[in-house]
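# A structural walkthrough
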Amino acid sequence: MTRGAGTPRRPRRRPPVLPSICGALACLLILTSLGCAKKSAPAENSGPVLRLSQRNEPGDLDPAVVTLPDEVSVLRALSEGLLIPGPQGTEPRPGVAESFTVSPDGLTYTFRLRAQARWSNGDPVTAQDFHDSYRRLLTPATAATKAGVFYPVKNARAFVRGELTDFAAVGIQVVDARTLRVILEQPTPRFAHYVASGPWLPVHGPTVQKHGRKWTQPGNFVGNGPFTLVEWRSQQRLVVQKNPHWHGAAGVRLAAIQFIRFDSGDAEERAYRAGQVDVTMAVPESKVAVYQQERPAELHRSPMLETRYLTFNTQRAPLSDPRVRRALALAINRSRLAERVTRGGQLPADRFVPPGLSASNGSRSADHAYDPEQARQLLAAAGFTGASFPRLELSAWSNTPVLEAIQAMWQQELGLHVVLAVRDAKVHLNALATGGYDIGFITAIPDVADPANLLADFASGAPENYPQWSDAPFDRQLATALREGQASARDAALLAAETRLLEAAPLTPLYFNSKIWLMSPRVRGWQEDGLWSRTYHQVYLE
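Residues numbered from 1 in each chain as written. Predicted model: local features only at pLDDT ≥ 70, side-chain atom pairs only at ≥ 80, totals over all residues. Heavy atoms only, no water.

### A short note on the sheet that holds strand 5 (residues 108-113)
Within the open sheet, the four strands sit side by side as 4-5-7-6. Their pairing is antiparallel. Either end of the sheet is taken by a strand with one partner, and the two such strands are strand 4 (97-102) and strand 6 (172-176). Adjacent strand axes in the sheet meet at a mean angle of 20° when their direction is disregarded. Strand contacts of helix 3 (residues 127-138): strand 5, strand 6 and strand 7 (179-183), with the helix running at about 165° to strand 6, the strand carrying the most contacts. (Pairing = 2+ DSSP bridges. Helix = DSSP H or I, 4+ residues; strand = E, 2+ residues; numbered from the N terminus. Axes fitted to C-alpha atoms, helices over the stretch in contact; angles between N-to-C directions. Contact = heavy atoms within 4.5 Å.)

### What about the side chain of arginine 334?
Mapped onto the elements, arginine 334 comes out in helix 10 (residues 334-342). It is aspartate 350 that comes nearest to the buried, bridge-free arginine 334 among opposite-charge side chains, at 7.2 Å. Of note is the side chain of arginine 334, whose polar atom sits 2.6 Å from the backbone oxygen of proline 509. With sequence-adjacent residues up to four places away left out, arginine 334 is seen in contact with Ala329, Pro348, Ala349, His368, Thr508, Pro509 and Leu510. (Buried < 20%, exposed > 50% of the residue type's maximum accessible area, 1.4 Å probe, protein only. Lys, Arg positive; Asp, Glu negative; His and termini not counted. Salt bridge = Lys/Arg side-chain N within 4 Å of Asp/Glu carboxyl O. Polar contact = N/O pair within 3.5 Å; in protein donor to acceptor, adjacent residues only side chain to side chain.)

### Points about the side chain of glutamine 538
Positionally, glutamine 538 belongs in the loop between strand 19 (534-535) and strand 20 (540-541). In this structure the side chain of glutamine 538 is engaged in a polar contact, spanning 2.9 Å, whose partner is the backbone oxygen of glycine 525. Within the local environment of glutamine 538, its side chain forms a polar contact with the side chain of histidine 537, the two groups lying 3.5 Å apart. Residues within four places of glutamine 538 in sequence aside, it is in contact with Arg524, Gly525, Trp526 and Gln527.

### What to know about the packing of aromatic side chains
Tallied over the entire structure, the rule returns 20 aromatic pairs. With a centroid separation of 6.4 Å and an interplanar angle of 20°, the aromatic rings of tyrosine 109 and phenylalanine 111 are classed as stacked. Judged by its relative accessible area of 1%, phenylalanine 111 is buried. On the basis of an interplanar angle of 15° and a centroid distance of 4.3 Å, the ring pair of phenylalanine 150 and tryptophan 200 is categorised as stacked. Remark: tryptophan 200 occurs in the loop between helix 5 (191-195) and helix 6 (205-211) and phenylalanine 150 occurs in the loop between helix 3 and helix 4 (156-160); sequence separation between them is 50 residues. Sitting above the plane of the tyrosine 540 ring, arginine 253 keeps its charged end 3.8 Å from the centroid. Across the ring face of tryptophan 517, the terminal group of lysine 515 is positioned such that the distance to the ring centre comes to 4.9 Å. (Phe/Tyr/Trp six-rings, centres within 6.5 Å; stacked < 30°, edge-to-face > 60°. Lys NZ or Arg CZ within 6 Å of the ring centre and 35° of its normal.)

### Side note on helix 13 (residues 425-434)
Along helix 13, the positions that sit buried rather than exposed are Ala425, His428, Leu429, Ala431, Leu432 and Ala433. Structurally, helix 13 contributes buried residues whose contacts are with strand 11 (299-312), strand 13 (392-396) and strand 15 (439-444). Regarding helix 13, its N-cap is aspartate 424, as a side-chain oxygen of that residue lies 3.0 Å from the backbone nitrogen of lysine 426 further along. Looking one or two residues past helix 13, glycine 435 carries a phi angle of roughly 80°, positive in sign.

### Focus: empty space enclosed by the protein
Sizing a probe to match a water molecule and rolling it over the atoms shows the empty space that remains. A volume near 90 Å³ is recorded for the second largest cavity. In terms of lining, the second largest cavity is formed by Arg76, Ser79, Glu80, Gly81, Ile84, Leu201, Pro226, Trp246, Arg534, Thr535, Tyr536 and His537. Grouping the constituent residues of the lining of the second largest cavity by class yields five nonpolar, four polar and three charged. (1 Å grid on protein atoms, 1.4 Å probe; cavity = no way out; pocket = protein on both sides within 12 Å on 5 of 7 lines; lining within 4 Å. Points joined across faces, edges and corners; volume = space filled by probe spheres on them. Nonpolar A, V, L, I, M, F, W, Y, C, P; charged D, E, K, R; others polar.)

### As for the pattern of salt bridges
Scanning all chains against the criterion turns up 30 salt bridges. Between glutamate 306 and arginine 308 there is a salt bridge, with its nearest N and O atoms 2.7 Å apart. Here glutamate 306 and arginine 308 have matching classes, each one buried. A salt bridge links lysine 515 to glutamate 528; the shortest N-O distance between them is 2.6 Å. Within this pair, whereas lysine 515 is found in strand 16 (residues 507-518), its partner glutamate 528 is found in strand 18 (residues 527-528), the two being separated by 13 residues in sequence. For the pair shown, lysine 515 and glutamate 528 are each scored as buried. Each of Arg51, Asp278 and Arg522 takes part in a single network of salt bridges with overlapping partners.

### Section: the pairing of strand 6
Two strands pair when backbone bridges link them, and strand 6 and strand 7 are joined in this way by four bridges, in the antiparallel orientation. Bridge pairing in strand 7 links isoleucine 172 to valine 182. Between strand 6 and strand 7, which pair antiparallel in sequence order, lie two residues.

### Description of the sheet that holds strand 10 (residues 256-261)
In spatial order, the strands read 1-10-9-8; together these four strands make up an open sheet with mixed pairing. Every interior strand has two partners, whereas the edge strands, strand 1 (49-54) and strand 8 (227-233), have only one. Averaged over neighbouring strand pairs, the angle between their axes works out to 20° when direction is ignored. In the packing of helix 2 (residues 69-78) onto the sheet, the strands contacted are strand 1, strand 8, strand 9 (237-242) and strand 10, and the crossing angle to strand 8 comes to about 135°.

### Quick notes on unusual backbone geometry
Each neighbour pair has its own omega, and for alanine 317 with proline 318 the value is 5°, a cis peptide bond. With respect to the secondary-structure elements, proline 318 resides in the loop between strand 11 and helix 9 (322-330). The phi dihedral of tryptophan 532 is positive, around 70°, even though this residue is not glycine. Among the structural elements, tryptophan 532 can be located in the loop between strand 18 and strand 19. Residue classification places tryptophan 532 among the buried positions, given a relative accessible area of 5%.

### Details of the packing of helix 15 (residues 472-483) against helix 16 (residues 487-504)
Where helix 15 meets helix 16, the closest approach of the two axes is 8 Å, and the angle between their N-to-C directions is 160°. When the axis of helix 15 is compared with that of helix 16, the two are roughly antiparallel. Remark: the crossing between helix 15 and helix 16 carries left-handed chirality. Across the interface between the two elements, Pro473, Phe474, Gln477, Leu478, Thr480 and Ala481 from helix 15 touch Arg490, Ala493, Leu494, Ala496, Ala497, Arg500 and Leu501 from helix 16. Class assignment of the residues belonging to the contact of helix 15 with helix 16 gives a composition of nine nonpolar, two polar and two charged. (Parallel < 35°, antiparallel > 145°, perpendicular 65-115°, else oblique. Left-handed = near helix turned anticlockwise from the far one by under 90°.)

### Here's the deal with the confidence of the model for the protein
Considering every residue of the protein, the mean pLDDT works out to 89; 92% of them sit at 70 or more. Between residues 16-44, whose pLDDT stays under 50, and residues either more than four places distant or in other chains, the model counts 60 contacts. (pLDDT = per-residue confidence, 0-100.)

See the structure below:
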């Protein structure tokens, strides 16, 4: 879930073969590449081209290893799962599966594949393709960060952990070429949303076998989505063009999509004003009022199922002391952050699960409410004054104004001097994943619209447990929730797990994010939900 759109969370390990530039210089380079693009992407001459801003360079386009929403955004153009996300968080829609049925006990899902489904090389898409793709992702040697999205499936967790080695025992079965059966451990509310998530996208086995690690490169990539990869210029752009073999190709009105890389919001906005980009990732805070007044139809806002938070490395003193962590949490004025720093409609967060997913009914957590007096008392109880407190580093990949505001609050309320460090996204996330940091700013976006998916990252030993935290009461509450098939009881157990997380404070939530972006009036049919999930086949240009 890290997810500007987000950031990767674990150092990437390649799965086995199947069983900054900045400022004006950045803008100049991007615009130059756009001018040269016609020479290398013939599809641009054959019809409408949608140009999208891309904030993070994809580290990969393999569904088994991607972590960035930016990467999944590209994959949504190139690949299609059994189901696809519904607009605005509604129920998933048919993808490769034209229909599915659920057994009366809620344990067995049977997916019927489209007869006309094809890979971009013309091969038929079969149930075996999905079975083999999921076996590859769940194989322990793959070390897939997102394997947990499959854990509702019978024996998937045990297979990933190496507790069983026969994949035939996992609840993914091929009935025939067009029928895939999935058997669950227990009834799982919203399981269809899991199936529509990025990790459930398939790969073309023969292509992976033939090209190994290079299978995702242009010229090698074989997908089953509405577009196919034709260009990837590192740190500049990716280009995909319409896939004539896709089952719905007749309804696709775009000839190509360009995903254009920008290092900064300012460079992105300048390119938009110059007519070089149709849709941006964000809008610089200083430009929001200008667009609201002069070009309001192009300024868009939407709440996201996204929590921006600070993770504390609980394995490093003094952050190993929960009193210190709570003191730091209580000294942050979240309302001031949202109203005076981010100023984009973000909501102050004193809980971790965002409102669109939470069963808290708006109840607040006193453990993370602004209370500088209690913060000073806790710090003193832990044996520290501002002068005696060791110098710590607060790191991130961007969002310097937010970091500076938090730094100032800790200095003013607690007398602490904290050093700021802004690093490349991959370097920052690698440090969080390996424990090489003190306090880190990070984004939590669930892979699935389910609070269980969000909270599972903090279970003992979870791959994305950045605080390196282990807590038996939290683990028990989470396990209870995951075993519960009745929705209200499950929600209650998840709320109890979140409450324990907030009490122990291995992290502190800052705000629930909202997205503000620019979109050209000529773009029609745009669909994106609170998880940054997009579909492109319905988009067209006027």
